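Each chain, letter by letter, is given below.
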Amino acid sequence: MDVERSSLCNCVVNFLLEENYLLSAFELLHELLDDGRDDQAIRLKDFFADPSHFPPDQISRFNSLRVADPQSLLEDKEALEEKLAISDYELRLAQEDILKLKAEVQKKTEATVDQLNGTNADASANDGPDIKRVTSSDLGHLKDHERRDLNCAVKEYLLLAGYRLTAMTFYEEVTDQNLDVWQNSSACVTDALRHYYYQYLSSTTEAAEDTAFSPDLEKIAMLRENESLVKESDNLKNEIQSLLKRKSLADGQIMALTKSLEALQKDVKDKETLIQDLKQSLESQRKELNDCRAEITSLKMHIEGARSGRTLLTSEDANMQASSVQNCEEEITLLQKEIDRLKGMTSIATEALESTKHEEDITGTEDEDKDVTVEKIDEVGEEASSVSMPPGSLGDSLLVANQSSNATSDITEKLEDSSFSETNDNGVNEKAEDVPNSMGNHPQKIMGLETIQILSDALPKIVPYVLINHREELLPLIMCAIERHPDSTTRDSLTHTLFNLIKRPDEQQRRIIMDACVTLSKNVGEMRTETELLPQCWEQINHTYEERRLLVAQSCGELAEFVRPEIRDSLILSIVQQLIEDSAMVVREAAAHNLALLLPLFPNMDKYFKVEEMMFQLVCDPSRVVVETSLKELVPALVKWGNKLDHILRVLLSYILSSAQRCPLSGVEDSVESHLRVLGERERWNLDVLLRLLTELLPFVHQKAIETCPFHSVSDSGGTLFSTSVLELYAGGRVEWPAFEWLHVDCFPNLIQLASLLPQKEDTIRNRITKFLLAVSERFGDNYLADIMLPVFLVAVGDNADLKCFPLAIQSRIRGLRPKTVVAERLATMCVLPLLLAGVLGSPGKHEHLTEYLRNLLLQSTFQEDQPAKHNAEIYNSVRFLCTSEEHHTMIFNILWEMVVSSNINMKISAAKLLKVIVPYIDAKIASTHVLPALVTLGSDQNLSVKYASIEAFGSVAQHFKNDMIVEKIRIQMDAFLEDGSHEATIAVVRALIFQLTATPPPSSNVTRRRERANAFCESIRALDATGLFLSRIRDF
């Protein structure tokens, strides 16, 4: 049957989630939890706890909306319905009473008239018979039917008179009769007890004389009672009408709130759909933009090549003309002799120029062909300049020079017509334009381009055959080829080689590669960094080796400076967001480090909430290294960049409480343990790191409180941050100081609520809270500790405190922390008292106050005979937690010694119990010098209860310490207990020994330890045999 019901429930859950009926699913979750069917609610709890479905930032924004609580309205409705039902019941009883009273009044009126007539007639005759008084002794003992009738009559009278508690007690006392059933007899009449009374009055002369006028007075009283009952009935009717109206109003409010909630949920769904559409549109536009940028880069490289050829040809033409004219003037006599040779050379130059024009007209001309053409022209020019011409050939020489100039001009015009307009953003174009101007002649430039081409072709073939440890020596060559090569495809290939230079680079090799990438980005500019380097990051982000992914993470923080601002908070932030989900711990750590470097470079705050969510994800990472990096680097960077400390603190407190509240409850219902939570490993880790984050944010809270102080007397000089005068001004309540109030208004109450959810064994989380409280007292000073912190925690544990330094508006909130029920008082003693002792009074400046408070707590509570035993146990646990800090050991043992030497029995027993619980938190030296002497003193006490309590403490010492001297002292004391011959002492010794032997089982491979345990068992058996106990008693034990 259970299997069938679970299956049906799972089907319903699947249907609701698939059809997106989230409200019905949420209501089903609560009903399953209320019915105790937690195993069938697991999927629903996981679904609603998933931050991807319900982001925390949206939930916090919805929680901030001030709307009426449907749950409170539903509770008010149920209370009104219950009150209405009670009023209906009372009205029905009142109406029945009215009917009965009316009938009685009518009967009494008629009986009174008849009785008065009869009395007058008897008085006038004056000869009536004397009525004898009947005494109880004449009647004899009550019979059973008489007792039953009288019981029913008394019950009826008590109910009619309104003595309901008495009637309930009467019901309980009459156990042999059902008072609700009155058997039909002559005594069963309405208002029987009054009838019996009137019958008695009419049967005796004295009673008749004493009550001659009683019927009239009684009649008047009954009429007045009738009138009062009628008025009460009217009032009840009016109250019922008002309750019905309030019920209808509550129903209307519930309906309106339900509709409003549905509208809000629909609005949220629409906005989520719109966000998804916008994200998809943004991604597509971003992809198109990247494609356009890549195309622009390729066009610019083509323009660069064309402009380089044009510049070389223009320079060559000018040099040719200048050299020709100069040579003609200097060697005019030689030109005439060499005219034939010059004409031959001119024809060669003309053919070369025509071939160059033909190649420039073709769109796909290669740079190498242009360089060859330029070389031919240069060679012709050089030969022509070195020719000696006769003086008579000057005109021919000028004609040839003019022809060469015209040919060069044609080539230049062709190049200019085929070029595109370009900007100065591209680093390659600037380099290409600067090189020919900085070089002395063009053959070196041509040789440089050829060298880059040869290097680019050879590098991919050379790299695989170079030893891995020496490949970083190729980085200058790779960088030079990437920077100067004109072809984008070749540059992409070389950039891929740069990122894949070493298969699994170590830290030093990654540093070398990253320095090379940074240098390359500085040289090539923003556009090429975005279009050539960042795509390589995307390709490596899912690489098999974590070293490659780590290289990508490092590049995000260091290359962001060399790209446009809008790329930093879009493309690079997306890469980092994917890296924080990586399975490798070192990659997530590098992502946290580089995200901290990236934040100051963001152009605006549009992505703040996304970055804040990433920060919380990294802080709650399961790796301690990632958490440390996030706390030390990312958190300060986020606070300085975002300047939203209030929002971070608010979200942090909600995360801390939700991490504990979503854990299952412990203990049985209606017990103290049922208010505590059982923490899992993941929840315990999250609480620990979130409390560490709270401690890391404390300096920022302190600094903001000082900066926003409305009083000018706050100064950091002399170590006094918040003086008494400043606190008195704050208590006046004339100005607001939210940054200062956050600690004692929001933070401390939330930490107290968190502590009230933690079981006693959660010392790790409680220690983390204690460290935070100590850090608060250290930063804010002794005045803040004494006047603000201490009163808050004293009120929280149920003690009286002076709230003079709090404004009146806040004093009521602080008083609300006081426990109001017995269970709340026990929870405060169990969970909050350890924080008061260790975190508040444990401050170095409060050592004397701590000693006084703890002495009063232990000594005075022992003298209270009505102090519950469980309450004492919770106080012992608080002292145990205080003993986890070694600086408090001396103070605790001084108080314990006062209890040991006291003459009060209860105080000695409490001392033995305290010694037992603090043994695990001391070392062997303290156990020898403090604990054992105290236990020996208690074990020698004449009171058996004190002696038996010390035996359990001896067993705890024997369990935790294996020192030979300690073991020998314990053995001697145990022998002394056994020699007493007391059965209770022997049982206590046996229990202590067995607990010692079974508490911590040793590893099975330790043969020596097992032999020692076997010997200890044998000694225990011999000790039992020496006591002479009966086997039946041992078996019972």
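Residues numbered from 1 in each chain as written. Predicted model: local features only at pLDDT ≥ 70, side-chain atom pairs only at ≥ 80, totals over all residues. Heavy atoms only, no water.

### As for the packing of aromatic side chains
For any pair of aromatic rings, the description consists of the separation of the ring centres together with the inter-plane angle of the planes. For the structure shown, the criterion picks out 12 aromatic pairs. Between Y608 and W641 the ring centres are 6.0 Å apart and the planes differ by 40°, which places this aromatic pair in the tilted class. Pair noted here: Y608 is in helix α25 (residues 608-619) and W641 is in helix α26 (residues 624-642), with a separation of 33 residues, a long-range link. For the pair Y608 and W641, one class covers both residues: buried. Residues F711 and W737 carry aromatic rings whose centres are separated by 5.9 Å and whose planes lie at 80° to one another, so their mutual orientation is edge-to-face. With F711 in the loop between α28 (681-707) and α29 (724-731) and W737 in the loop between α29 and α30 (738-755), the pair connects residues that are 26 residues apart, well separated along the chain. Accessibility assignment for this pair places F711 and W737 in one class, buried. Through a chain of ring-to-ring contacts, the aromatic side chains of F711, Y730, W737, F740, F780 and Y784 assemble into a single cluster. (Phe/Tyr/Trp six-rings, centres within 6.5 Å; stacked < 30°, edge-to-face > 60°. Helix = DSSP H or I, 4+ residues; strand = E, 2+ residues; numbered from the N terminus. Buried < 20%, exposed > 50% of the residue type's maximum accessible area, 1.4 Å probe, protein only.)

### Description of the pattern of salt bridges
Across all of its chains, the model carries 25 salt bridges by this definition. The residue R491 makes a salt bridge to E532 at a minimum N-O spacing of 2.9 Å. One end of the pair, R491, is in helix α19 (residues 488-499); the other, E532, is in helix α21 (residues 526-540), and 41 residues separate them in sequence. Exposure class is identical for R491 and E532. Each is buried. Residues D941 and K908 are paired through a salt bridge, measuring 2.7 Å at the closest nitrogen-oxygen approach. With D941 in the loop between α39 (924-939) and α40 (944-960) and K908 in helix α38 (residues 905-918), the pair connects residues that are 33 residues apart, well separated along the chain. Among the ionic contacts, a cluster of salt bridges with common partners joins R491, R528 and E532. (Salt bridge = Lys/Arg side-chain N within 4 Å of Asp/Glu carboxyl O.)

### What about the packing of α38 against α40?
Running from N to C, α38 and α40 cross one another at 10°; their axes reach a closest spacing of 8 Å. As judged from the angle between their axes, α38 and α40 are roughly parallel. Only S945, V946, A949, S950, E952, A953 and S956 of α40 make contact with α38, whose side of the interface consists of I905, K908, I909, A912 and K916. In the contact of α38 with α40, the residues fall into 6 nonpolar, 3 polar and 3 charged. (Axes fitted to C-alpha atoms, helices over the stretch in contact; angles between N-to-C directions. Parallel < 35°, antiparallel > 145°, perpendicular 65-115°, else oblique. Contact = heavy atoms within 4.5 Å. Nonpolar A, V, L, I, M, F, W, Y, C, P; charged D, E, K, R; others polar.)

### Focus on α38
Helix length check: α38 (14 residues) gives 20 Å between terminal C-alpha atoms against 20 Å at 1.5 Å per residue, within 8%. Listed in full, the buried residues belonging to α38 are M907, K908, I909, S910, A911, A912, L914, L915 and I918. The N-cap of α38, judged by a side-chain oxygen 3.0 Å from the amide nitrogen of N906 a few residues on, is N904. (Expected span 1.5 Å × (residues − 1). Polar contact = N/O pair within 3.5 Å; in protein donor to acceptor, adjacent residues only side chain to side chain.)

### Looking at the UniProt feature "coiled-coil region" (unreviewed entry) in the protein
As recorded in UniProt, the feature "coiled-coil region" (unreviewed entry) lies at residues 77-111 and 219-345. Helix makes up 100% of residues 77-111 and strand makes up 0%, while its end C-alpha atoms are separated by 50 Å. (UniProt positions renumbered as here; feature names shortened; annotations may be inferred.)

### Side note on the nonpolar core
The biggest cluster of nonpolar side chains holds 165 residues, and the ones touching the most others in it are F748, F772, L773, F793, L836 and L854. Looking at this core element by element, the count peaks at 11 residues for α28. If we skip the residues at most four places from it in the chain, F772 touches L694, T695, L698, L743, C747, F748 and L751. In terms of nonpolar packing, the next biggest core, distinct from the first, is built from 25 residues, L475, M479, A481 and V518 among them. (Core = buried A, V, L, I, M, F, W, Y, C linked by side-chain atoms within 4.5 Å.)

### Some remarks on the UniProt feature "repeat: HEAT" (unreviewed entry) in the protein
The UniProt feature table records "repeat: HEAT" (unreviewed entry) at residues 931-969. Within the segment residues 931-969, helix and strand shares are 82% and 0% respectively, and the terminal C-alpha atoms sit 12 Å apart.

### Considering the packing of α38 against α39
Packing of α38 against α39 brings their axes to within 11 Å, and their N-to-C directions diverge by 145°. Crossing hand, α38 versus α39: left-handed. Contacts between α38 and α39 involve K908, A911, A912 and L915 from the former and V931, A934, L935 and L938 from the latter. The class makeup of the residues in the contact of α38 with α39 is 7 nonpolar, no polar and 1 charged. (Left-handed = near helix turned anticlockwise from the far one by under 90°.)

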